[in-house]
Amino acid sequence: MGRVGVLLLNLGGPDKLEDVGPFLYNLFSDPEIIRLPFRWMQKPLAWLIATRRTKTSQANYKYIGGGSPLRRITEEQGEALKAQLGDLGKEANIYVGMRYWHPYTEEAIAQLTQDNIDKLVILPLYPQFSISTSGSSFRLLEQLWQQNPKLQRLEYTVIPSWYKQPGYLQAMAELIKEQLNQFPHPDGVHIFFSAHGVPKSYVEEAGDPYQQEIEECTQLIMQTLNRPNPHVLAYQSRVGPVEWLQPYTEDALKELGAQGVKDLVVVPISFVSEHIETLQEIDIEYREIAEEAGIHNFRRAAAPNTHPVFIQALADLVIDSLTKPNLKLSQVTQMKKKVKMYPQERWEWGLTTSAEVWNGRIAMLGFIALIIELITGQGLLHLIGLL
Ligand SMILES: C=CC1=C(C)c2cc3[nH]c(cc4nc(cc5[nH]c(cc1n2)c(C)c5CCC(=O)O)C(CCC(=O)O)=C4C)c(C)c3C=C
Ligand SMILES: [Fe+2]
């Protein structure tokens, strides 16, 4: 085989404070992030939520130096992966495609279609699959493929999720050990896995395998670690009024504190780079909650970033994928069993579960419209310029 291209997919983050508003607008404009019954509502609501959230979010980014480190770290991971593949005798071009900020996925695709690549490996930098992360990027790629005959001629394969990859598990175990070994009695320390949350309906209604993959992944990391420590799993970063996967990280921390736990290592589990939710949310907000709950010895495992064992794991994933039959974007959701990307369900008349869900959503929308009118003094149609 000739030259390989590897497309690393990631979320993206604002490079500077002025980028926060437009970044949030891009994020909330994605129907895989906020699922609404009517497509036309997406952009006005995205604008409204982004506008209302920008100040708080900017304050958080200020704490971590005025922008997200995600682009820098992802590019460093790309360079390290290229070097590792080169050492293994496999020359590769690496492309970074972000979903909500620069370098956008579209920019990466424009670049790779100009280069002479014989085969492309699509590798999301999310170990576990979620509709809201890898699913959203795969859906965007499917659209780009449909629009571009040049892409249709390119041979490619997708790696849908890779939380079982032994090198990744090994890297996570090493990062946890580094922290455990700082304690005088390492075996008694609680290990606290904190995964990024998603709304509960993603799992229960739309069939997102995310929760199952997260749970299995924590078990596999504990087996790889092979230490007797007690461990818990909780979900962080909830946004909005709906119920997300539980237990929530803040509640689980308080509960451990109430049980008398003093020594804790927090392990961010759904993302492989440092970002706002490790550097600000865990290191500042959750640390404070833990301290107040009496957990005085609070440490956090670093994200894998460019840890050599992790980079080797990425290289192994790429090389393995080249020896297997190609997996198409359209096959991924089938592989992930019955994942329902947006729009979620086919309509059926009658008192079906689907009808109940939609009734609830329409009632919620009415409620949101009322709240908007109370806050802004204008109706939703005024706000979006229709009246
Ligand atoms: C596996 C990881 C992630 C999942 C699952 C996920 C789902 C998800 N996220 C939001 C809302 C926001 N996410 C934001 C930032 C953000 N999210 C992830 C990862 C996952 N999101 C990362 C790595 C980042 C940070 C990027 C960076 O700048 O470093 C934000 C913006 C930050 C903020 O204002 O708090 C929001 C908002 C939803 C609603 C969702 C599932 C539906
Ligand atoms: Fe997020």
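Cut-offs applied
Residues numbered from 1 in each chain as written. Chains lettered and ligands numbered in written order. Predicted model: local features only at pLDDT ≥ 70, side-chain atom pairs only at ≥ 80, totals over all residues. Heavy atoms only, no water. UniProt positions renumbered as here; feature names shortened; annotations may be inferred. Helix = DSSP H or I, 4+ residues; strand = E, 2+ residues; numbered from the N terminus. Buried < 20%, exposed > 50% of the residue type's maximum accessible area, 1.4 Å probe, protein only. Contact = heavy atoms within 4.5 Å. Pairing = 2+ DSSP bridges. Axes fitted to C-alpha atoms, helices over the stretch in contact; angles between N-to-C directions. Parallel < 35°, antiparallel > 145°, perpendicular 65-115°, else oblique. Nonpolar A, V, L, I, M, F, W, Y, C, P; charged D, E, K, R; others polar. Patch = residues over 30% accessible without salt bridge, like charges linked within 9 Å, V, L, I, M, F, W, Y side chains within 5 Å. Areas by Shrake-Rupley, 256 points an atom, 1.4 Å probe, with all protein chains shown as cover. Salt bridge = Lys/Arg side-chain N within 4 Å of Asp/Glu carboxyl O. Lys, Arg positive; Asp, Glu negative; His and termini not counted. Charge placed at Lys NZ, Arg CZ, Asp CG, Glu CD. 1 Å grid on protein atoms, 1.4 Å probe; cavity = no way out; pocket = protein on both sides within 12 Å on 5 of 7 lines; lining within 4 Å. Points joined across faces, edges and corners; volume = space filled by probe spheres on them. Near = heavy atom within 4 Å. Polar contact = N/O pair within 3.5 Å; in protein donor to acceptor, adjacent residues only side chain to side chain.

1. Description of the UniProt feature "binding site: Fe(2+)" (unreviewed entry) in the protein
- Mapped onto the present numbering, the UniProt feature "binding site: Fe(2+)" (unreviewed entry) falls on His-196 and Glu-277. The largest pairwise C-alpha distance within this set of annotated residues, which runs over 82 residues, is 8.5 Å, so the set is compact in three dimensions.
- Tracing the backbone shows His-196 in strand E5 (residues 190-196).
- Note on His-196: relative accessible area 29%, which makes it partly exposed.
- Every residue in contact with His-196, bar those within four places of it in the chain, is listed here: Tyr-210, Tyr-235, Gln-236, Ser-237, Trp-244, Ser-270 and Glu-277.
- For Glu-277, the location among the structural elements is in helix H11 (residues 276-292).
- Among residues more than four places away in sequence, those in contact with Glu-277 are His-196, Gln-236, Ser-237 and Ile-282.

2. Regarding the sheet that holds strand E4 (residues 155-158)
- Overall, parallel pairing links the 4 strands, which are arranged E2-E1-E3-E4 in an open sheet. Across the chains shown, the open sheet's two edge strands, defined by having one partner strand only, are strand E2 (92-98) and E4. On average, each strand axis in the sheet is tilted by 20° relative to the strand beside it, whichever way the strands run.
- Two strands pair when backbone bridges link them, and strand E1 (residues 4-10) and strand E3 (residues 119-124) are joined in this way by 6 bridges, in the parallel orientation. Looking across to E3, one finds that Gly-5 is bridged to Leu-120.
- Packed on one face of the sheet, helix H4 (residues 105-114) meets E1, E2 and E3 and runs near 155° to E2.
- The sheet contacts of helix H5 (residues 131-147) involve E1, E3 and E4, and relative to E3 the element is tilted by about 150°.

3. Quick notes on the packing of helix H2 (residues 42-63) against H11
- In contact at an axis separation of 9 Å, H2 and H11 are set at 85° when each is read in the N-to-C sense. It follows that H2 is roughly perpendicular to H11 by the angle criterion. Residue-level contacts link Asn-60, Tyr-61 and Tyr-63 of H2 to Ile-276, Gln-280, Ile-284 and Glu-285 of H11.
- For the contact of H2 with H11, the class distribution of residues is 4 nonpolar, 2 polar and 1 charged.

4. Describing a negative patch on the surface
- Negative charge collects at one region of the surface, where Glu-285, Glu-288, Glu-291 and Glu-292 lie side by side.
- Here Glu-291 shows up in helix H11.
- The partly exposed category is assigned to Glu-291, whose relative accessible area is 41%.

5. So, the layout of surface pockets
- Estimated volume of the second largest pocket: approximately 540 Å³.
- Lining the second largest pocket are 21 residues, and of these Pro-160, Ser-161, Trp-162, Met-335 and Lys-336 sit closest to its centre.
- At the level of secondary structure, the elements contributing two or more residues to the lining of the second largest pocket comprise E4, helix H9 (210-225) and helix H12 (308-323).
- It is H12 that provides the largest number of residues to the lining of the second largest pocket, a total of 3 residues.
- For the lining of the second largest pocket, the class distribution of residues is 10 nonpolar, 5 polar and 6 charged.

6. Here we look at the site of ligand 1
- The immediate surroundings of ligand 1 are formed by 28 residues, with Arg-53, Ser-57, Tyr-61, Ser-68 and His-196 found nearest.
- Here Ser-68 contributes a side-chain N or O atom positioned 2.9 Å from an oxygen atom of ligand 1.
- At 3.3 Å from an oxygen atom of ligand 1 is found a main-chain nitrogen or oxygen belonging to Ile-276.
- Alone, ligand 1 offers 810 Å² of accessible surface; in the complex the protein occludes 97% of this.
- A class-by-class count of the residues in the shell around ligand 1 yields 17 nonpolar, 9 polar and 2 charged.

7. Focus on the side chain of Asp-283
- Within the fold, Asp-283 resides in helix H11.
- Within the structure, the side chain of Asp-283 is placed 2.6 Å from the side chain of Arg-300, a separation counted as a polar contact.
- Residues within four places of Asp-283 in sequence aside, it is in contact with Thr-278 and Arg-300.

8. Remarks on the pattern of salt bridges
- In this structure the tally under the stated criterion is 11 salt bridges.
- Its salt-bridge partner being Glu-32, residue Arg-139 comes within 3.1 Å of it at the nearest N-O pair. With Arg-139 in helix H5 and Glu-32 in the loop between helix H1 (20-28) and H2, the pair connects residues that are 107 residues apart, well separated along the chain.
- Of the charged contacts, one joins Arg-300 and Asp-283 as a salt bridge, the two residues approaching to 2.6 Å between their closest N and O atoms. Of this pair, Arg-300 sits in strand E8 (residues 297-300) while Asp-283 sits in helix H11, and the two are 17 residues apart along the sequence. Both residues of the pair, Arg-300 and Asp-283, belong to the buried class.
- By sharing partners, the salt bridges in this structure join Glu-32, Arg-35 and Arg-139 into a single network.

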